[in-house]
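Listed below are the residues making up each chain.
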Amino acid sequence: MATITVNNQPIEVDDNDQTPLLWLVREKLQLTGTKFGCGQGLCGACTLLVNDSAVRACITPVSSVLGQSITTIEGLSEQGEHPLQKAWLEHRVPQCGYCQSGQIMSAAALLKVDAHPNRETIKSHMTGNICRCGTYSRITDAIESVVQSDLTER
Amino acid sequence: MVTRRRFITASFQLALGLSLSAYLPPVRGKQLGTAPAAGSLEPNIYLKVLPNNEVHFWVKKAEMGQHVHTALTQIAMDELGADLKQVRVHMADTRSPFSNIFTGASWSIPGHWVPLRQLMANARFLLESAAAQIWQCPKEQCLAIAGEVVHQLGGQRLSFGELVSVARQLSAVDNAPLRPSKDYQYIGTNMGRLDTNQIVTGQAQYAADLSVDNMLCASIVHPPLPGYKLKGWDISRLKADPRLYKQVELVALENALAIVCQHQWPALVAKDKIDVVWESPTDTAVDDVWLQQQMEYALAQPGIVCRQQESVIQSSDAHTFSAEYYLPFVAHVPMEPPVALASVFENRAEVWAPTQTASQAQSEIAQFLNLDADNVVVHTTLIGGGFGRKLKNDFVMDAVRISQKLKRPIKLQWTRENDIKNGFLRPYGKDRVQVALDERGYPSNLDIKAASPSILAKTDHQHFKNGLDWSAVMGLRSIPYHVPNLRLSHQLIDLPQVNLVAWRGTFANHHCFAIESLMDELAYLARQDPLEYRLKLLQADTKVEHFLDSDIEIEHKKLKRVLTKVADMMQWKTRKQASQPGTGLGIACHCYDTHAYAAHIVEVEVAGQNIKVKKVACAFDVGVAINPDGVRAQLEGSIVFGLSSALYNEIHFENGAIRESNFHDHPVLRHHEMPEIDIHLFTDGDTPAGVGECGLPSVSPALTNAIFDASGIRVRSLPVKLV
Ligand code: FES
Ligand code: FES
């Protein structure tokens, strides 16, 4: 047995468990905010953070993240007060909503490595996350607004 | 163990003042909650006002990202005079009193506009009358506003809750006067989804997120095309993994093989380790070549005329022009692959699914299980994207069949591959156009023969009139341009080999692409500006009979207004004159059957085979915008959806199967390709138009017209391929 940390809680796992992280969080941990969209690492619906990096949970075996720290959309903030979540509300980003936890987690990973990305950087970073409803420009605007308010607060 | 922080939902609802109960998971051993009825005012089936001042509102339209729950709530609560903070919105399930739960055709808002306000005005009448009775004053002095009835002279107030017991005793009215639009508090204001908070915190629950006691998870293998029967299967590859093999159970259905397991993942892995043998219904190998032969054969038939007019003026027919415009088969690929949870019991069934047609699902299930419809409950869950795909309940029936065999609740998860390879498609279609031009370069004769398969069942007599498929000529019969001699016809292609369904605008896309490309081509031949050329031909309103509803009437002035507006937004005139090689602007417009007027201009850069869409502008006449920001969101989405289909989407058939399978070979527009967007809304009408589909058709021709402007290459067939 080995341990991984999910949203700050230690979880016991089998150390050669080949199950993708997606199904561990969705089924065993009942954290269903992380979505299944393609199962092939192509759409980003299943994006979560492994030690601050955006990872496609549908193609990441549990055994490859032993001892690491995982954050899902449910663990991004206590009550939805993460600046990105607030910006998503303000810009009324979601349409069907299915892609949005993945979008927010990808954006969160971006801001961890680059607190002040420009529009082009945002767009290219976010390109692994498909939104079939077409909320891309609002996503760019929402992320940009977080960047801007961080800059003005300095 | 990580616990779900459900209080998040509650606290956010408080912050926003609204709650949405529809999407709660099935509570074990309990039916989905309905508001307590004791002592409440229930003036119609959609509304309950409780003595504790809560207002419960039921909607029959599925929420799939079009913000329909928001807009219906705005309409209803404005008319009622409620405060949104006291309102709880519920998605209706198929139990009585609700029927005809159907979401599609961009008709939710136009269809509710008058009837819903009337129902709510009648309810408001009761509350205001109750106050009048209590205050012993004329009813005219009592006005419901923000959850209270206020005395217009004295300023006394009573909350809705306080009025319930008196209002209950009053007799209902059915034609109370509607509130004047100047008094609207909510209609016309920008609102997001009611459950945005749940979405951004990962708490919103879609069908895949639900579970019930004793439930098993399933995956499924489908035949390559409809009509195939399951013949057998080879599990040697599965047996090579004994641990996996032990966990799963196979369930043979007539036309599919299901794999069932305690958990979802093993079921999905096992599916790819089984080799299934199918029995083909025909010898015909459906492939692209065969399908194009069917198309050519159809175009050689006389077709059925859907509109014809002949003028006395005969043209000289000196110049002629002909062309063919083609749209391929495409898939919908909503982000949420089809999924359904079904519990079939001895004498009843309960289902949770992201279906656009819950009532249809209810009757299909009842018929299949041989149950009374009353014993079948279908709950519409949140829909993670529909676009027409989830009008079909094939995935729901899959889950029902498995559950029936195993006598246990089943959650069936389709994969992306299931969805693309075995789901329903939008049909292909071709418009063959022949034009005779007068000496100024305007069309004097226009003949369009369209051919396509139908999205309707042949038994759907309502939609077939005189052999003509009404849905297949949407956007064709209503061509708005003035042409003295006009002949429009359609030839149906019989294609039972392929599953077909509506797709955001369906055939309006085919015909708008043909007509708006044609206008551009003719303008070019006449050496005229494409905008001026169109404006010249928009001379009078177009009125054509509609098979089901009232006539379709296209007001040429409204179409001209969106065209000129979008041209202004992009500085069309000056920029067209100064245009550089390799850059281009293209324009197109469309009036959808729901009386929404759209015009788009697309700006592109073309270098060799590379196309960069730089900017898209849209002017849109929606009549009345219930939720202007929601309308904008739909138009933004339509631009993305339109560019995806124009640039990328095509389903190929080879050796009797669909070639594409997932996003690597069926790409959609991605974030880095997103152009700048500019949208203008006209909202000075008196009726809201439908929106979901209406901003889509003119996107593709505006793009290909821009490509022509930039490169001289005329694209007549989608998706765009520059060679
Ligand atoms: S579901 Fe993981 S990338 Fe699509
Ligand atoms: S909001 Fe529907 S897929 Fe992004």
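No experiment lies behind these values; they were computed from the predicted model shown.

### Regarding the interface of chain A and chain B
Part 1: With 57 residues of chain A at the contact, the number on the chain B side is 70 residues.
Part 2: Carbon and sulfur atoms make up 57% of the area that chain A and chain B hide from each other, which totals about 5,200 Å².
Part 3: Counting every contact that joins chain A to chain B gives five salt bridges.
Part 4: For R138 of chain A, the salt bridge is made with D629 of chain B, and the minimal N-O distance between the two is 2.9 Å.
Part 5: On the surface where chain A and chain B come into contact, there are 26 residue pairs in polar contact (both at pLDDT 80 or more).
Part 6: Those elements giving two or more residues to the side of chain A that touches chain B turn out to be β2 (9-13), α1 (21-28), α2 (83-90), α3 (100-113), α4 (119-125) and α5 (136-153) of chain A.
Part 7: Looking at which element gives the most residues to the side of chain A that touches chain B, the answer is α5 of chain A, with five residues.
Part 8: Class assignment of the residues belonging to the side of chain A that touches chain B gives a composition of 24 nonpolar, 23 polar and ten charged.

### Brief notes about the domain arrangement of chain A
All names here are of chain A.
Part 1: Structurally, chain A comprises domain 1 (2-76) and domain 2 (83-149).
Part 2: One C-alpha centre belongs to domain 1, the other to domain 2; they are set 20 Å apart.
Part 3: The interface is formed by 18 residues belonging to domain 1 together with 13 residues belonging to domain 2.
Part 4: Across the domain 1 to domain 2 interface the summed buried area is about 1,300 Å²; carbon plus sulfur atoms make up 63%.
Part 5: The tally of links between domain 1 and domain 2 comes to one salt bridge.
Part 6: The tally of links between domain 1 and domain 2 comes to five residue pairs in polar contact (both at pLDDT 80 or more).
Part 7: Looking at the side of domain 1 that touches domain 2, the elements with two or more residues in it are β3 (47-50) and β4 (53-56).

### Focus on the environment of K576 of chain B
All names here are of chain B.
Part 1: Position of K576 relative to the elements: it lies in helix α16 (residues 572-577).
Part 2: Sequence separation between K576 and D709 is 133 residues; the distance between their C-alpha atoms is 9.0 Å.
Part 3: Beyond its immediate chain neighbours, meaning those up to four positions away, K576 contacts D529, P530, L585 and D709.
Part 4: Here D709 takes part through its side chain, which lies 3.3 Å from a polar atom of the side chain of K576.

### Brief notes about the confidence of the model for chain B
Low pLDDT marks regions whose predicted coordinates should not be analysed in detail.
Residues and elements named next belong to chain B.
Part 1: Summing up the model confidence of chain B, the mean pLDDT is 92 and the portion of residues at 70 or higher is 92%.
Part 2: Note on residues 1-36: pLDDT under 50 across the span, and 88 contacts to partners over four residues away in sequence or across chains.
Part 3: At the level of chain-chain contacts, confidence expressed as ipTM amounts to 0.98, with global pTM at 0.94.

### Remarks on the packing of α5 of chain A against helix α17 (residues 628-647) of chain B
Packed helices, taken two at a time, are described by their axes: the angle between them and the distance between them.
Part 1: Relative to each other, α5 of chain A and α17 of chain B sit at 115°, their axes nearing to 9 Å. With respect to each other, α5 of chain A and α17 of chain B are oriented roughly perpendicular. In this structure, α5 of chain A contributes Y136, S137 and R138 of chain A to the contact, and α17 of chain B contributes D629, R632, A633, E636 and V640 of chain B.
Part 2: Residue composition of the contact of α5 of chain A with α17 of chain B, grouped by class: three nonpolar, one polar and four charged.

### Quick notes on the domain arrangement of chain B
Residue and element names in this part refer to chain B.
Part 1: You can read the domains of chain B as domain 1 (36-200), domain 2 (207-280 + 338-413) and domain 3 (290-328 + 424-711).
Part 2: Computed from C-alpha coordinates alone, the two centres of domain 2 and domain 3 are separated by 38 Å.
Part 3: The interface of domain 2 with domain 3 comprises ten residues on the first partner and 14 residues on the second.
Part 4: Between domain 2 and domain 3 the total buried area reaches about 950 Å² when both faces are included, carbon and sulfur atoms providing 69% of it.
Part 5: Considering only the side of domain 2, the residues that lose the most area to domain 3 are L225, P226 and F387, jointly responsible for 54% of the buried surface there.
Part 6: One can count zero salt bridges joining domain 2 with domain 3.
Part 7: The interface formed by domain 2 and domain 3 contains one residue pair in polar contact (both at pLDDT 80 or more).

### Focus on the pattern of salt bridges
Residues and elements named next belong to chain B.
Part 1: This structure, assessed with the given rule, holds 42 salt bridges over all chains.
Part 2: Across the pair D684 and R561 runs a salt bridge, and its minimum N-O distance is 2.8 Å. Within this pair, whereas D684 is found in the loop between β32 (676-682) and α18 (699-711), its partner R561 is found in helix α15 (residues 556-569), the two being separated by 123 residues in sequence.
Part 3: The class of D684 is exposed, set by a relative accessible area of 54%.

### Observations regarding the sheet that holds strand β5 (residues 69-71) of chain A
All names here are of chain A.
Part 1: Taken in spatial order, the five strands make up an open sheet running β2-β1-β5-β3-β4, and their pairing is mixed. Two strands in the sheet have a free side with no partner beyond their single neighbour: β2 and β4. Between one strand axis and the next, the sheet turns through 40° on average, direction left out of account.
Part 2: The sheet contact formed by strand β1 (residues 2-6) and β5 spans two bridges and is parallel. If you follow V6 over to β5, its bridge partner there is I70.
Part 3: Sitting on the sheet, α1 touches β1, β2, β3 and β5, and the angle it makes with β3 is about 100°.
Part 4: With respect to the sheet, α3 is in contact with β3, β4 and β5, its orientation differing from that of β3 by roughly 35°.

### Looking at the packing of aromatic side chains
All names here are of chain B.
Part 1: By the definition in use, this model includes twelve aromatic pairs over all chains.
Part 2: Residues F395 and W414 carry aromatic rings whose centres are separated by 6.3 Å and whose planes lie at 75° to one another, so their mutual orientation is edge-to-face. Note that F395 is positioned in helix α11 (residues 394-406) and W414 in the loop between β19 (410-413) and α12 (416-422), a separation of 19 residues in sequence. Take F395 and W414: they sit in the same class, and that class is buried.
Part 3: Ring-pair connections join several aromatic residues into one group, and the members of that group are Y326, F329, Y428 and F653.
Part 4: The aromatic ring of F368 is capped on one face by R401, whose charged end is 5.0 Å from the ring centroid.
Part 5: The ring of F682 has R561 lying over it, and the distance from NZ or CZ to the ring centre is 4.0 Å.

The rules behind the values
- Residues numbered from 1 in each chain as written.
- Chains lettered and ligands numbered in written order.
- Predicted model: local features only at pLDDT ≥ 70, side-chain atom pairs only at ≥ 80, totals over all residues.
- Heavy atoms only, no water.
- Contact = heavy atoms within 4.5 Å.
- Buried area = accessible area lost by both parts, 1.4 Å probe.
- Salt bridge = Lys/Arg side-chain N within 4 Å of Asp/Glu carboxyl O.
- Polar contact = N/O pair within 3.5 Å; in protein donor to acceptor, adjacent residues only side chain to side chain.
- Helix = DSSP H or I, 4+ residues; strand = E, 2+ residues; numbered from the N terminus.
- Nonpolar A, V, L, I, M, F, W, Y, C, P; charged D, E, K, R; others polar.
- Domains from an automatic or database assignment.
- pLDDT = per-residue confidence, 0-100.
- Axes fitted to C-alpha atoms, helices over the stretch in contact; angles between N-to-C directions.
- Parallel < 35°, antiparallel > 145°, perpendicular 65-115°, else oblique.
- Buried < 20%, exposed > 50% of the residue type's maximum accessible area, 1.4 Å probe, protein only.
- Pairing = 2+ DSSP bridges.
- Phe/Tyr/Trp six-rings, centres within 6.5 Å; stacked < 30°, edge-to-face > 60°.
- Lys NZ or Arg CZ within 6 Å of the ring centre and 35° of its normal.

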